[in-house]
Amino acid sequence: DQLVMIEVNNASAKALLTTHGASVLSFTPLAEGTSQQDWLWVSETAVYHGKKPVRGGIPVCWPWFGAAEKEGLPAHGFVRNKVWDLVAVTALSPGETQIEFRFAASFETLSLWPQVFELRLTVTVGETLTLALSRLTQRTSCLKSPRRFILIFQYRMRRMCEWMDCRAANVTIN
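What counts as what
Residues numbered from 1 in each chain as written. Predicted model: local features only at pLDDT ≥ 70, side-chain atom pairs only at ≥ 80, totals over all residues. Heavy atoms only, no water. Helix = DSSP H or I, 4+ residues; strand = E, 2+ residues; numbered from the N terminus. Buried < 20%, exposed > 50% of the residue type's maximum accessible area, 1.4 Å probe, protein only. Contact = heavy atoms within 4.5 Å. Areas by Shrake-Rupley, 256 points an atom, 1.4 Å probe, with all protein chains shown as cover. Phe/Tyr/Trp six-rings, centres within 6.5 Å; stacked < 30°, edge-to-face > 60°. Salt bridge = Lys/Arg side-chain N within 4 Å of Asp/Glu carboxyl O. Core = buried A, V, L, I, M, F, W, Y, C linked by side-chain atoms within 4.5 Å.

Asker: Help me get a handle on the overall build of the protein, residues and values and all.
Answerer: A tally of regular secondary structure across the protein gives two helices and 10 strands. Listed N to C, the secondary structure of the protein is β-β-β-β-β-β-α-β-β-β-α-β in terms of helices and strands. Out of the 174 residues belonging to the protein, those deemed buried represent 43%. When contacts within the protein are restricted to residue pairs at least 6 apart in sequence, long-range pairs at least 24 apart make up 50% of them. Accessible surface computed for the protein: about 9,500 Å², of which carbon and sulfur atoms make up 52%.

Right, here's the structure in full:
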């Protein structure tokens, strides 16, 4: 069980993503005047075997964050430990690349969370790192649909101050 990795190298930045959880594992801006070091943190003990999420980067935590309300369910939701479909990789310009992932409900996910849904994550790698998470849901039960989902940005601390000044990461959740 190997992880599928997506390497992005364009005129503005380089990045590493995986279809396992649609996680962004690395983002390094290449502009002059920047440190040209990775802005994201990944644990030195992270495992890349596909049996559990890679510890670090930017995982998608959905449909809940933290401990599950029901015993036996994974913390931080189940989509971060599932393989997402790679929909497209598009060069928008020489310095900007867009990667689109998709994850939809299955018989397995319906046993964990009885809602039909489709998630789309669009990651744009350029001078900035932009993530847009969209959720399409069809109500098929009377159960209340949770509203808690999150993208966790695990920055290297010395990069956090630079990000706050230049807003190098943008997140949109629809």
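What follows picks up the thread again.
Asker: How would you explain the packing of aromatic side chains if you had to name every residue and give the values?
Answerer: Working definition: an aromatic ring pair is given by the centre-to-centre distance plus the angle between the planes. Scanning the entire structure with this criterion turns up nine aromatic pairs. Note on phenylalanine 27 and tryptophan 39: the rings are 6.3 Å apart at their centroids and 80° apart in plane angle, and the pair reads as edge-to-face. Remark: tryptophan 39 occurs in the loop between strand 3 (23-29) and strand 4 (60-61) and phenylalanine 27 occurs in strand 3; sequence separation between them is 12 residues. Ring geometry for tryptophan 62 against phenylalanine 117: centres 4.6 Å apart, planes inclined by 55°, an arrangement best described as tilted. Within this pair, whereas tryptophan 62 is found in the loop between strand 4 and strand 5 (85-93), its partner phenylalanine 117 is found in strand 7 (residues 116-125), the two being separated by 55 residues in sequence. According to the relative accessible area criterion, tryptophan 62 is buried, its value standing at 0%. A connected cluster of aromatic rings, assembled from ring pairs, spans Trp62, Trp64, Phe78, Trp84, Phe103, Trp113 and Phe117.

Asker: Kindly report on the environment of threonine 90, identifying the contributing residues and their values.
Answerer: In this structure, threonine 90 sits in strand 5. Look at threonine 90 and you get partly exposed, because its relative accessible area is 34%. For threonine 90 and threonine 124, which are 34 residues apart along the polypeptide, the C-alpha to C-alpha distance reads 9.3 Å. Setting aside residues up to four positions removed in sequence, threonine 90 forms contacts with Glu96, Thr97 and Gln98.

Asker: Which residues make up the pattern of salt bridges, and what values do they have?
Answerer: Counting across every chain of the model gives five salt bridges. A salt bridge links glutamate 100 to arginine 120; the nearest nitrogen and oxygen atoms lie 2.8 Å apart. With glutamate 100 in strand 6 (residues 96-104) and arginine 120 in strand 7, this residue pair connects regions lying 20 residues apart in the sequence. On the accessibility criterion, glutamate 100 (22% relative accessible area) is partly exposed. On the basis of relative accessibility, which here comes to 25%, the residue arginine 120 falls in the partly exposed class. We note a salt bridge from glutamate 118 to arginine 102, for which the minimum N-O separation is 3.5 Å. Here glutamate 118 is found in strand 7, whereas its partner arginine 102 is found in strand 6, with 16 residues between them in sequence. Here the salt bridges share partners, and the residues they tie into one network are Asp85, Glu100, Arg102, Glu118 and Arg120.

Asker: Account for the nonpolar core, naming residues and giving values.
Answerer: Judged by nonpolar contacts, the single largest core of 31 residues is most densely connected at Leu17, Trp84, Phe101, Leu121, Val123, Val125 and Leu129. Of all the elements in the fold, those that place two or more residues in this core are strand 1 (5-9), strand 2 (13-18), strand 3, strand 6, strand 7 and strand 8 (129-138). It is strand 7 that contributes the most residues to this core, five residues altogether. Those residues in contact with valine 123 that sit more than four places away from it in its chain are Leu17, Val24, Thr97, Gln98, Ile99, Phe101, Leu129, Thr130 and Leu131.

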